[in-house]
Amino acid sequence: MCIRDSSMPGASMQILVGDTFYFDGSDQTNGTELWAYDTSNHSEWRVDDIRPGSLASQPGTSMSILVGDTIYFSADDGSTGKELWAHDTSNHSAWRVDDINSGPGDSHPGNLMKLLVGDTLYFSADDGSTGRELWAHNTSNSSDPWQVADINSGVGHGDPGKHLSMVIDDVLYFSADDGSTGGELYAYNTSNGSDPWLVADLFSGVTGSSPGHFMQVLVDDIIYFDARGGNSNGIELWSYDTTDHSTQRVTDINSGTGHSRPGAYFSTLVGDTIYFSADDGSTDVELWAHDTSNHSTWLVDDICSVGACNLPPAFGRPTGSVPGY
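A.B. asks: Would you mind going over the overall build of the protein in detail, with residue names and values included?
C.D. replies: For the protein, the helix and strand inventory stands at zero helices and 24 strands. Computed over C-alpha atoms, the radius of gyration of the protein comes to 22 Å, within 12% of the 20 Å expected from 2.2 N^0.38 for 325 residues, which places it in the range of a compact globule. The principal-axis extent of the C-alpha atoms belonging to the protein is close to 55 × 55 × 35 Å. When burial is assessed residue by residue, the protein has 50% of its 325 residues classed as buried.

Structure representation (structure tokens):
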């Protein structure tokens, strides 16, 4: 048997800055570290050996994002755990931004969400005492990251962005769990620093509607996403209008308690129309469409109309922690 060495370039991060690619890779001696390749002169180099020796710092496994000329990414230096690091591509310096989970514990910055508003990076992180919550870092100054809010107070996890995260103007929209309402849609206005608020409790109780588990599409000022609206309703297509703050179920494709699971395999926006996979309970998983301008929803085509090619319920189904799966 032949065993081959592999650098696995870009397995966790790939970022282009000018003509240079930055990516994670391993030379089999120093473990997985941050590397770069200049496409203009065909030179390649290891940017930094964050975790000296043969063990890997694993850059970018939780997050990687470019802000100006600086790459912010997760990495483990072997003593402070997986934390937030930065590399300035203009002067080739690298540094640990902060040890959010002090000591060897991992904060896993950005493993659930990372959104940039102006110069401020908003991300999920675990400080080891308040659970996974919403944090922020102003990249324009040298201030330490701070916890925006402890949504699930105490040691519980608020899990911001576990299913959905996006920014519209200066407002963050994301899924979160306060410990009593389950995973629901939340919002945070970055311009005034007010506390995050619960946008809608679609599935009352601790179960949660898990908004955006499969799909999240922004059309003008309206967010379209999958969610479960209670025990009597399955997982269907919902919308939230950020202008009038209204939430509604767009359509009940698989009527009753059945789940259509919109976007479980596919979703894309073409003009004003969202195309997505869904199951109406009789034709199995097929291509559907929703015209956001006239609010019509239809089965585009029953591509697999022969029963033999439709998978039985035990197979081909998306899995996860969302209720009803």
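Don't stop here, the text continues.
A.B. asks: Account for the packing of aromatic side chains, with residues named and values stated.
C.D. replies: All chains considered together, the criterion is met by three aromatic pairs. Plain terms: the ring middles of Tyr 173 and Tyr 240 are 5.8 Å apart, the flat faces sit at 55 degrees to each other, and that makes the pair tilted. Residue Tyr 173 is located in strand β14 (residues 171-177), and its partner Tyr 240 is located in strand β19 (residues 235-241); the two are separated by 67 residues in the primary sequence. Considered together, Tyr 173 and Tyr 240 belong to a single accessibility category, that of buried residues. Ring geometry for Phe 174 and Tyr 186: centres 6.4 Å apart, planes at 25 degrees, overall stacked. Remark: Tyr 186 occurs in strand β15 (residues 183-189) and Phe 174 occurs in strand β14; sequence separation between them is twelve residues. Owing to a relative accessible area of 0%, Phe 174 belongs among the buried residues under this scheme.

A.B. asks: Describe the side chain of Ser 277, listing the residues and the values that go with them.
C.D. replies: Tracing the sequence through the fold places Ser 277 in strand β22 (residues 273-279). When its relative accessible area of 7% is taken as the criterion, Ser 277 is described as buried. Here Tyr 265 takes part through its backbone nitrogen, which lies 3.0 Å from a polar atom of the side chain of Ser 277. In contact with Ser 277, other than residues within four places in its own chain, are Arg 261, Pro 262, Gly 263, Ala 264, Tyr 265, Phe 266, Val 285 and Glu 286.

A.B. asks: Account for the sheet that holds strand β24 (residues 296-301), with residues named and values stated.
C.D. replies: Read across the open sheet, the four strands follow the order β21-β22-β23-β24; overall the sheet is antiparallel. In the strand order of this sheet, the two ends are held by β21 (267-270) and β24, each with one partner. Averaged over all neighbouring strand pairs, the angle between strand axes comes to 30 degrees, with direction disregarded. As defined by bridge partners, β21 adjoins β22 across four bridges and the pair is classed as antiparallel. Paired with Thr 268 across the two strands is Tyr 275, which belongs to β22.

A.B. asks: Tell me about the nonpolar core, and please be specific about residues and values.
C.D. replies: Ranked by internal contacts, the top residues of the largest apolar core, which has 15 residues, are Tyr 173, Leu 185, Ile 223, Phe 225 and Tyr 240. Excluding residues that lie within four positions of it along the chain, Tyr 240 makes contacts with Tyr 173, Leu 185, Val 199, Asp 221, Ile 222, Ile 223, Phe 225, His 245, Ser 246 and Thr 247. Leu 115, Tyr 122, Ala 149 and Ala 176 belong to the second-largest nonpolar core, a separate cluster that totals 14 residues.

A.B. asks: I'd like a description of the sheet that holds strand β16 (residues 197-200), backed by residues and values.
C.D. replies: Ordered in space as β13-β14-β15-β16, the four strands form an open sheet in which the pairing is antiparallel. Each edge of the sheet is formed by a strand with only one pairing partner; in this case those strands are β13 (165-168) and β16. Shown here is a sheet whose adjacent strand axes are inclined to one another by a mean of 35 degrees, direction ignored.

A.B. asks: Which residues make up the environment of Asn 91, and what values go with them?
C.D. replies: Structurally, Asn 91 can be placed in the loop between β7 (82-88) and β8 (93-98). Here the alpha-carbon distance between Asn 91 and Thr 70, two residues 21 residues apart in the chain, equals 9.7 Å. Within the structure, Asn 91 has its side chain in polar contact with the side chain of Ser 93 (distance 2.6 Å).

A.B. asks: How would you summarise the pairing of β15 if you had to cite specific residues and measurements?
C.D. replies: The buried fraction of β15 amounts to seven of the seven residues, a majority that puts the element mostly inside the structure. Alignment of β14 against β15, held across seven bridges, turns out to be antiparallel. Within β15, the position partnered with Asp 177 by the bridge is Gly 183. Where β14 folds back onto β15 in an antiparallel hairpin, the turn is made up of five residues, including Gly 179, whose phi is positive at roughly 95 degrees. Note: β15 against β16, three bridges, orientation antiparallel.

A.B. asks: Run through the environment of Gly 154, naming residues and quoting values.
C.D. replies: Locating Gly 154 in the fold gives a position in the loop between β12 (146-149) and β13. Residue Gly 154 is classed as partly exposed on the basis of its relative accessible area of 35%. Through-space distance from the C-alpha of Gly 154 to that of Gly 230 is 27 Å; in sequence the pair is 76 residues apart. In this structure, Gly 154 is in contact with Ser 129, Thr 130 and Gly 131, ignoring residues within four places of it in sequence.

Thresholds applied
Residues numbered from 1 in each chain as written. Predicted model: local features only at pLDDT ≥ 70, side-chain atom pairs only at ≥ 80, totals over all residues. Heavy atoms only, no water. Helix = DSSP H or I, 4+ residues; strand = E, 2+ residues; numbered from the N terminus. Rg over C-alpha atoms; globule rule 2.2 N^0.38 Å. Buried < 20%, exposed > 50% of the residue type's maximum accessible area, 1.4 Å probe, protein only. Phe/Tyr/Trp six-rings, centres within 6.5 Å; stacked < 30°, edge-to-face > 60°. Polar contact = N/O pair within 3.5 Å; in protein donor to acceptor, adjacent residues only side chain to side chain. Contact = heavy atoms within 4.5 Å. Pairing = 2+ DSSP bridges. Axes fitted to C-alpha atoms, helices over the stretch in contact; angles between N-to-C directions. Core = buried A, V, L, I, M, F, W, Y, C linked by side-chain atoms within 4.5 Å.

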